[in-house]
Amino acid sequence: MARRIMPTAAMFSRRVFHPTQYRRLSTTTSTLNRTPLFTELRERGFIADVTSPNIEPVLNSSTDPVTIYCGLDPTAPSLHVGNLLPLLCLLHMHARGHKVLALVGGATGGVGDPSGRSSERVALGADVLTRNISRIDAQIRQFFERGESHLAKYYHRQSQPSHSLNDVAVQRTPVQVINNADWTRNLSLLDFLSGPGKHARVNAMIARESVKARLSSAQGISFTEFAYQLLQAYDFWHLYHKHGCRVQIGGSDQWGNITAGTQLIQKYRPNESKQSPVVDNESDNGKDDSDAFGLTIPLLTTSSGEKFGKSAGNAVWLDASMTTPFELYQFFLKVTDIDAARYLKVFTFLPLEEIEIIAANHAKNPEKRIAQTALAAHVTELLHGEEGLRSAQVATEVLFENAENNGGSVKATAEEIVQCFKDDPRLVSVPREQVVGKRVVDASVLAGACKSKSAAGRLVSSGGLYVRNARVASVEQLVQEADLIDNAVLVMRTGKSSYHLVHLV
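Here the structure is a predicted model, which is why all the values come from computation and not from measurement.

(A) Representation of the sheet that holds strand 10 (residues 465-467). What the five strands build is an open sheet, ordered 9-13-12-10-11; its pairing is mixed. Both outer strands of the open sheet, strand 9 (427-430) and strand 11 (470-471), are each paired with one neighbouring strand and no more.

Below is the structure:
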């Protein structure tokens, strides 16, 4: 049985650099190129448990790359930020030359993983599942495409010009996105039961945390969800024999499912049954059945113990149509000081020395939110590219301008602002002569900030109407040229966070 190898405090000790040793980012030497991969992952906080200490030299090898996979079920039309950790871990492994397989659970997604759930998932209809599979497949591909650009920009920061991304890139294999429906679609129930099924010990399956928790609940667990761990185990078995895949990674709640896979690989031989899948001996790579490993990643929580990835109770999605780049940027910009330094290690590819310096500078001036700004920028750029990041930064600059700066803090042009908010209903276009020199309360109605002039007047009286985050003092206050951004955009706010923009045409 796989043994949990728990990281110790000593594993996390490392040299701390003083800020005076900091050099310009373009010439900083990255620990990523000189620190063994396993050590790098451990220091960044990617490792909760491993099935064997022998996984360390396997991951650290630069001459014998290994195939690694992680599965993601299409239970929603988009992945969320909690799914970023295994994807980022795969990206680290890909950057070191290992072959990475990202698995979309077209088969398992229709079953439902009981791990971490107190009740059974609502079954997805065939059409919904198909749409989810298509969207998440595309999302994963886009993540790794943008990840390549991100690695080129941040991963290999070398002081020696002889070491460049191109030197390493030739050794990397493109990331493959696969679907487990491809090898389970034609597998009959009898073949499954007579093959991998006969090696599954029910007492071991019941003992797994995901099952035990549900067995003790009022609802219990269905056979469908009970069998999920065996389906995931079969995925690992199939990939081991067809792709030479030796490592599976996943969240710490996946420990039972992952070890079920390593145990099935040890017990179930491809030629054991006539119903077993035909094995391509060439792709089997002659690997011994004892060299399959599992690695789990800690489930990320906030410093207050809450599950990471929720904003006001809602999931923060990776799909820009569900969570905009601005909303994603704001989510990371609002994390606590304690969490920011920790998240920089897992969500960015900045060298650890640079993160130390960012944290030190942040500690000197916490009100500037240096760590949060770096975190938000890196995650937004990784997921939505430079254009998405610029859009989020422009929106943040415009909406959260400091009124004490006399209206001079916004550097974005009117064209950038309009482009940023082009699909946002908060932006309206109004003839210039209807706004400039007219009462603010009248402009607020044109902007959609207030339903009527009388409602606007009441809002002014209660101190709840703002122009560029400066409170409107009187119902007779006029819109001045100085109130405009780049002489063409007026920003109004009602209450604490309801913004409206007027583009003057």
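After that view of the structure, there is still more to cover.
(B) How the structure looks around the sheet that holds strand 6 (residues 293-297). Taken in spatial order, the six strands make up an open sheet running 1-6-5-2-3-4, and their pairing is mixed. Two strands bound the open sheet, and with one partner strand each, they are strand 1 (49-50) and strand 4 (176-179). Taken together, the five bridges between strand 5 (residues 245-251) and strand 6 define a ladder with parallel strand orientation. Within the sheet, the bridge partner assigned to I249 lies in strand 6 and is L295.

(C) The arrangement of the packing of aromatic side chains in detail. Inspection of the entire model under this criterion finds 10 aromatic pairs. With a centroid separation of 5.9 Å and an interplanar angle of 85°, the aromatic rings of F192 and Y234 are classed as edge-to-face. Here F192, found in helix 7 (residues 189-194), pairs with Y234, found in helix 11 (residues 228-243); they are 42 residues apart in sequence, far enough to count as distant. Across the pair, exposure class does not vary: F192 and Y234 are buried alike. Here F326 and F400 contribute two aromatic rings whose centre-to-centre distance is 6.3 Å and whose plane-to-plane angle is 15°, an arrangement assigned as stacked. In this pair, F326 is assigned in helix 14 (residues 325-333) and F400 in the loop between helix 17 (370-399) and helix 18 (414-420), connecting sequence segments 74 residues apart. Residue class for F326 comes out buried when judged on its relative accessible area of 15%. For F400, a relative accessible area of 40% puts it in the partly exposed group.

(D) Local environment of the packing of helix 14 against helix 17. Running from amino to carboxyl end, helix 14 crosses helix 17 at an angle of 100°, the nearest separation of the two axes being 7 Å. Classified by the angle between their axes, helix 14 and helix 17 sit roughly perpendicular to one another. Its residues placed into classes, the contact of helix 14 with helix 17 shows 15 nonpolar, eight polar and no charged.

(E) Main features of the nonpolar core. Core analysis: the biggest nonpolar cluster contains 72 residues, and F144, I249, F332 and F347 have the highest contact counts within it. Broken down by element, this core gets its largest block of residues, 10 residues, from helix 17. For F332, the contacting residues outside a window of four places in its chain are V81, F308, F347, Q372, L375, A376 and V379. Counting 23 residues, the second-largest nonpolar core is a separate cluster that includes F236, W237, I265 and Y268.

(F) Molecular detail of helix 17. For helix 17, with 30 residues, the first-to-last C-alpha span of 19 Å runs short of the 44 Å given by 1.5 Å per residue. The sharpest bend along helix 17 reaches about 130° and sits at H384.

(G) Layout of the pairing of strand 3 (residues 99-104). Within strand 3, five of the six residues are buried, which leaves it mostly tucked inside the rest of the structure. When strand 2 (residues 67-72) meets strand 3, the two strands line up parallel, connected through six bridges. Within strand 3, the residue paired with T67 across the bridge is K99. Considered for its hand, the β-α-β crossover made up of strand 2, helix 3 (residues 84-95) and strand 3 is right-handed. Bridge count for strand 3 against strand 4 is four bridges, and the pairing is parallel. For L103, the partnering residue across the bridge sits in strand 4 and is I178.

(H) How the structure looks around the environment of E354. Within the secondary structure, E354 sits in helix 16 (residues 352-364). The spacing of E354 and L344 is 10 residues in sequence and 10.0 Å in space, taken between C-alpha atoms.

(I) Spotlight on the pairing of strand 13 (residues 498-504). Within strand 13, six of the seven residues are buried, which leaves the element mostly enclosed by the surrounding structure. Of the strand pairs in this sheet, strand 9 and strand 13 are connected by four bridges, and their pairing is parallel. Bridge pairing in strand 13 links V430 to L504. As paired elements, strand 12 (residues 489-494) and strand 13 share six bridges and run antiparallel to each other. Directly across from V489, in strand 13, lies its bridge partner H503. Here strand 12 folds back onto strand 13, and the loop between the two strands holds three residues, one of which, G495, carries a positive phi near 65°.

Parameters and conventions
Position numbers for residues count from 1 along each chain, tracking the sequence in the order it is written. With pLDDT at 70 or above as the cut-off, local features in this predicted model cover only qualifying residues; side-chain atom pairs require 80 or more to be listed or tallied, and sums for whole chains, interfaces and linings still use all residues. Side-chain metrics rest on all non-hydrogen atoms present in the structure, leaving aside hydrogens and water. A pair of strands counts as paired when DSSP detects no fewer than two bridges linking them. Secondary structure counts use DSSP, requiring at least four H or I residues in a row for a helix and at least two E residues in a row for a strand, with both numbered from the N terminus. By convention, a stacked pair of Phe, Tyr or Trp rings (six-membered ring in the case of Trp) has centres within 6.5 Å and planes under 30 degrees apart, an edge-to-face pair has planes over 60 apart, and any other such pair is tilted. For every residue, the accessible area obtained with a 1.4 Å probe (protein chains only) is divided by the maximum for its type, and the residue is called buried under 20%, exposed over 50%, and partly exposed between those limits. Orientation is described by axes fitted as lines to C-alpha atoms, over the contacting stretch for helices, and by angles from 0 to 180 degrees between their N-to-C directions. The labels follow the angle: roughly parallel below 35 degrees, roughly antiparallel above 145, roughly perpendicular from 65 to 115, and oblique for the rest. Under the convention adopted here, Pro, Cys and the residues Ala, Val, Leu, Ile, Met, Phe, Trp and Tyr are nonpolar, Asp, Glu, Lys and Arg are charged, and Gly plus all remaining residues are polar. Here, nonpolar core means buried Ala, Val, Leu, Ile, Met, Phe, Trp, Tyr and Cys residues that are tied together by side-chain atoms lying within 4.5 Å of each other. In this analysis, two residues are considered to be in contact whenever any of their non-hydrogen atoms come within 4.5 Å of each other. Take the number of residues in a helix, subtract one, and multiply by 1.5 Å to get its expected span. Bend at a given residue is defined as the angle between two axes, one fitted to the seven residues that end at that position and one fitted to the seven that begin there. When the strands point away from the viewer and the path from the first strand over the helix to the second turns clockwise, the crossover is right-handed.

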